[in-house]
Amino acid sequence: MDVKIEEGWKLRLNDEFRKEYFERLTRFVREEYRNTVVYPPGSLIFNAFNLCPFDRVKVVILGQDPYHGPGQAHGLCFSVRDGIEFPPSLVNIFKEIGSDLGIDPLPSGNLERWASQGVLLLNATLTVRAHAAGSHQKKGWEEFTDSVIKVLNDERKNLVFFLWGAYAQKKGESIDYQKHLVLKSVHPSPLSAQRGFFGNRHFSKCNEYLKMNGITPINWA
């Protein structure tokens, strides 16, 4: 199967694209796009990978589902297109950046500016039916994104993984803490942010670790 994805990722994930589960997943996703409204647009399903080539990854932020409202999802976890109101979790992420780093993030929820610096904004599930959170879970995406985490864990070193919430932490259980920095806290959603997301200082900790390993830090503005 010829999946349109950045060449570095394609080289490492080609075996996944040939597996039976991925063929089943592809059939399901195509059927969904034909018969209902699905986010993100089909051309942006692998946007996170195309904007952040394998060899340039420095940081991985793990999300769960794409946003399921009109115009929000564009293939990057927690990110929305320009002109779209910030979802509550993104508001809280920006609050923590302001508190941690003493900077005001740009007035845009489009996080392509992070992706271009080496932040892989990876959802566990890459598609979702409109207004139906979790509707494309357990169809094969999780197996695919597990393989993404595995290849990063195995082939790269000194990456920073942000695992916010129980779901992300479970998904990241296989990460080698000797090779990478793993930052864990509760999720930035309004339901949990007050219980340990605010004040986690993950953004400054990330940049300190990158600098310590001779890697250019991320501009989180």
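Residues numbered from 1 in each chain as written. Predicted model: local features only at pLDDT ≥ 70, side-chain atom pairs only at ≥ 80, totals over all residues. Heavy atoms only, no water.

Colleague: Lay out the overall build of the protein in plain terms, naming residues and giving numbers.
Modeller: When helices and strands are counted, the protein shows eight helices and six strands. The C-alpha atoms of the protein give a radius of gyration of 17 Å, which matches the 17 Å a tight globule of 221 residues would have. With the C-alpha coordinates of the protein rotated into their principal frame, the extents come out at 45 × 35 × 25 Å. Looking at the protein as a whole, 55% of its 221 residues qualify as buried. The long-range share in the protein, meaning contacts at least 24 apart out of those at least 6 apart in sequence, stands at 66%. With an accessible surface of roughly 10300 Å², the protein has 50% of that area assigned to carbon and sulfur atoms. Positive and negative side-chain charges in the protein, numbering 28 and 25 respectively, have mean positions lying 1 Å apart. (Helix = DSSP H or I, 4+ residues; strand = E, 2+ residues; numbered from the N terminus. Rg over C-alpha atoms; globule rule 2.2 N^0.38 Å. Buried < 20%, exposed > 50% of the residue type's maximum accessible area, 1.4 Å probe, protein only. Contact = heavy atoms within 4.5 Å. Areas by Shrake-Rupley, 256 points an atom, 1.4 Å probe, with all protein chains shown as cover. Lys, Arg positive; Asp, Glu negative; His and termini not counted. Charge placed at Lys NZ, Arg CZ, Asp CG, Glu CD.)

Colleague: So, the layout of surface pockets: which residues are in play, and what are the values?
Modeller: Looking at the largest pocket, its volume works out to about 500 Å³. Only β2 (59-63), α4 (88-101) and α7 (166-171) provide two or more residues apiece to the lining of the largest pocket. Approximately 410 Å³ is the volume attributed to the second largest pocket. As for the second largest pocket, its lining consists of 17 residues, of which V3, R30, G42, I45 and F46 are closest to the centre. Residue classes in the lining of the second largest pocket are distributed as 10 nonpolar, four polar and three charged. (1 Å grid on protein atoms, 1.4 Å probe; cavity = no way out; pocket = protein on both sides within 12 Å on 5 of 7 lines; lining within 4 Å. Points joined across faces, edges and corners; volume = space filled by probe spheres on them. Nonpolar A, V, L, I, M, F, W, Y, C, P; charged D, E, K, R; others polar.)

Function cannot be inferred from these measures alone, as they are strictly geometric.
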